[in-house]
There are 2 protein chains.
Amino acid sequence: MLFRLEITFRKRLKMKKKEIHVGPYLYPMPVVLVGANVDKRANFMPIAWVSIVEHKPPMISISANQNHYTNKGIEENKAFSINTPDENMIIPMDYCGLKSGKETDKSSVFEVFYGESKNVPMIKESPLNLECEVVHSYDTQKGHSIFIGEIKHAYADEDVLHNGIPEISKLNPIIFSMNDNNYWKVGKHLGRAWSIGKNFELK
Amino acid sequence: MLFRLEITFRKRLKMKKKEIHVGPYLYPMPVVLVGANVDKRANFMPIAWVSIVEHKPPMISISANQNHYTNKGIEENKAFSINTPDENMIIPMDYCGLKSGKETDKSSVFEVFYGESKNVPMIKESPLNLECEVVHSYDTQKGHSIFIGEIKHAYADEDVLHNGIPEISKLNPIIFSMNDNNYWKVGKHLGRAWSIGKNFELK
C-alpha cells in the first residue's frame with residue numbers, strides 16, 4: 001500500500017492545469033452544530049466553516065453569515081457551543097439548517113443541557129460538546145462574522161473516548177462537501193501522521 | 001437507511017455526559033499543503049487548521065504556529081497557496097510536516113508551478129490549487145497566527161471537475177484526526193444537505 005502510494009504520487013504531472021472560477025474549495029469540511037441562546041431560548045445551526053486555531057488553551061473559530069439567528073445569540077452571550085453530530089443525527093441536523101430560529105423554535109429538536117456556563121446550550125444526543133467563550137470576533141465586511149472561541153469546558157459520552165480523548169472512529173462524525181451539498185462518512189485508515197512520511201526519500 | 005438514522009438519533013440520551021480535559025477537539029479535519037516562498041525558495045507545510053470563512057469573494061483561513069518557517073514567507077509575500085493533496089501524496093505530504101524548511105530544502109519534494117502571482121508556489125502533483133492573498137491576520141497571543149486569504153485564482157486538473165467545480169469523490173482528499181494523529185479517506189455517502197432534513201418532524 002505505502003509503496004503503491006509512493007510511486008504513483010507523481011502521476012498528475014502529465015495532466016494539464018486549468019484555471020477555474022474561484023470558489024470556497026476546501027475538501028473535506030467537518031460539520032458541527034453551533035448552539036447559542038437567543039432571547040433565552042436554545043437555537044442550533046449546522047456550520048461547516050469551523051477550524052481549531054490554537055492549542056493551549058484550545059481555541060476554535062467559526063464563520064457564520066450575519067443573517068443567521070444564532071449569530072445574535074453569540075453576540076448577546078459572547079459564548080457558543082460546538083456539538084459534534086453522530087451520523088444518526090443527520091436528519092435533525094440538516095433540519096436545523098433548513099429552518100431559521102427567526103420562524104421556527106428549534107429548542108425542542110434535541111434535548112438541551114447546560115454545563116458550567118448557564119447560557120450556553122448543548123445537545124445531549126451529540127457525543128461531544130464544547131463550551132466556548134468568544135475571545136475575538138472579526139467581520140469579513142462581506143457578510144460573515146468570524147468568532148474565535150476559547151474552549152472552556154468539554155463534555156463527552158464515555159463510549160467515544162479512548163484514554164480520555166474522543167476518537168474519530170467512535171464518534172461517527174459527518175463530512176460536508178460544499179458546492180454539491182453532500183454529507184459523507186469518514187472512510188478507511190490511510191496512515192499515521194508524523195510517521196508515514198519517514199518513508200520518503202528526497203531525490 | 002433514513003428511517004434507521006431517524007429512530008436511533010436519540011439513543012445517546014441514555015448515556016451519562018462526562019466532563020473531559022479540554023483539547024482541540026474537531027472531527028474530522030481536512031489537511032492541505034500550504035505553500036509560500038521563503039527567501040525566494042518554495043516551502044510547503046501540511047495544515048489541518050484550515051477553514052473557508054467567506055463566500056463572495058471566497059476567503060480561507062489558516063492557523064499556523066509562529067515557529068513555522070512557512071509563516072515567514074506568508075508574512076514576507078502577504079500571500080500563500082492551498083494545495084489539496086490527493087491520497088497518493090500522503091507520504092511526501094507527511095514528510096513536509098516532519099522536516100522544517102529551516103534545515104531541509106523542500107522545494108524539490110514536489111514539482112512547483114506559479115500562476116498569476118509570481119511569488120506563490122503551488123504543487124503540480126496536487127489536483128487543486130488555490131492562490132491566496134492575505135487580507136487579514138490575527139495573533140492569538142498563544143503561539144499561532146491566523147491568516148485570512150482571499151482566494152484570487154484557482155487551478156485544477158480536468159479529471160477532478162464536475163461541471164467546472166472540484167468534486168470530493170474525484171479529489172481523494174485526506175482527513176486528519178488530531179490527538180491520535182491519523183490520516184483517513186472520505187467514506188460512504190450519507191445524504192444530501194439542505195434536503196435530508198425535510199424528513200424531520202418536530203414533535
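For the structure itself, look to the data block above.
A quick note: this is a predicted structure, and the numbers were derived from the prediction, not measured.

Moving on, we come to the relation of the copies chain B and chain A. Least-squares fitting of chain B to chain A yields an RMSD of 0.0 Å, with the superposition described by an axial translation of 0.0 Å and a rotation of 180°. Taken together, the rotation angle and the small translation identify this as a two-fold axis. Minimal C-alpha separation from the rotation axis in chain B is found for glycine 187 of chain B, amounting to 1.8 Å. With an isologous cut-off of 70% or more, the 100% of interface residues of chain B that recur at the interface of chain A puts this contact in the isologous class.

Now for the interface of chain B and chain A. At the interface, 125 residues of chain B touch 126 residues of chain A. For the pairing of chain B and chain A, the buried interface totals around 11500 Å² over both sides, and the portion due to carbon and sulfur atoms is 65%. Between chain B and chain A we count twelve salt bridges in total. If you look at where chain B meets chain A, you find 60 residue pairs in polar contact (both at pLDDT 80 or more). Among the residues forming the side of chain B that touches chain A, the class breakdown is 64 nonpolar, 30 polar and 31 charged. Where strand β1 (residues 17–20) of chain A meets strand β11 (residues 144–157) of chain B, four bridges bridge the pair, whose relative direction is antiparallel. Across the sheet, the residue bridging to glutamate 19 of chain A is tyrosine 155 of chain B, located in β11 of chain B.

Time to look at the packing of aromatic side chains. Ring pairs (aromatic) are described by centroid distance and by the angle formed between their planes. Inspection of every chain in the model, using the stated rule, returns 14 aromatic pairs over all chains. Ring geometry for phenylalanine 9 of chain A and phenylalanine 200 of chain A: centres 6.1 Å apart, planes at 70°, overall edge-to-face. A residue pair is termed long-range when its members are at least 10 positions apart, and phenylalanine 9 of chain A in the loop between α1 (2–8) and β1 and phenylalanine 200 of chain A in the segment after β15 (182–192) qualify at 191 residues. Just as phenylalanine 9 of chain A is buried, phenylalanine 200 of chain A falls in that class too. Relative to phenylalanine 176 of chain B, the ring of tryptophan 194 of chain A has its centre 5.8 Å away and its plane inclined at 85°; by these criteria the two rings are edge-to-face. Placement of the pair is tryptophan 194 of chain A in the segment after β15 and phenylalanine 176 of chain B in strand β14 (residues 175–177), with the two residues belonging to separate chains.

This part is about empty space enclosed by the protein. On inspection of all chains with the given rule, the structure shows one cavity of 30 Å³ or more. One number sums up the size of the largest cavity: a volume of about 90 Å³. In terms of lining, the largest cavity is formed by Val53, Ser61, His136, Tyr138, Ile146 and Ile148 of chain A together with Val53, Ser61, His136, Tyr138, Ile146 and Ile148 of chain B.

A few words on the pattern of salt bridges. This model, assessed by the stated rule, comprises 20 salt bridges over all chains. The partner of glutamate 125 of chain B in a salt bridge is arginine 10 of chain A, and the shortest N-O contact between them spans 2.8 Å. With one member in each of two chains, glutamate 125 of chain B in the loop between β9 (122–123) and β10 (128–139) and arginine 10 of chain A in the loop between α1 and β1 form a pair that bridges those chains. Two residues, lysine 72 of chain A and aspartate 39 of chain A, come together in a salt bridge whose shortest N-O distance is 3.3 Å. Residue lysine 72 of chain A is found in helix α2 (residues 69–77), and its partner aspartate 39 of chain A is found in the loop between β3 (32–38) and β4 (41–47); the two are separated by 33 residues along the sequence. It is possible to trace a salt-bridge network through shared partners that takes in Arg12 and Lys17 of chain A together with Asp86, Asp157 and Asp159 of chain B.

The rules behind these values
- Residues numbered from 1 in each chain as written.
- Chains lettered and ligands numbered in written order.
- Predicted model: local features only at pLDDT ≥ 70, side-chain atom pairs only at ≥ 80, totals over all residues.
- Heavy atoms only, no water.
- Least-squares fit on C-alpha atoms with pLDDT ≥ 70 in both.
- Contact = heavy atoms within 4.5 Å.
- Buried area = accessible area lost by both parts, 1.4 Å probe.
- Salt bridge = Lys/Arg side-chain N within 4 Å of Asp/Glu carboxyl O.
- Polar contact = N/O pair within 3.5 Å; in protein donor to acceptor, adjacent residues only side chain to side chain.
- Nonpolar A, V, L, I, M, F, W, Y, C, P; charged D, E, K, R; others polar.
- Pairing = 2+ DSSP bridges.
- Helix = DSSP H or I, 4+ residues; strand = E, 2+ residues; numbered from the N terminus.
- Phe/Tyr/Trp six-rings, centres within 6.5 Å; stacked < 30°, edge-to-face > 60°.
- Buried < 20%, exposed > 50% of the residue type's maximum accessible area, 1.4 Å probe, protein only.
- 1 Å grid on protein atoms, 1.4 Å probe; cavity = no way out; pocket = protein on both sides within 12 Å on 5 of 7 lines; lining within 4 Å.
- Points joined across faces, edges and corners; volume = space filled by probe spheres on them.

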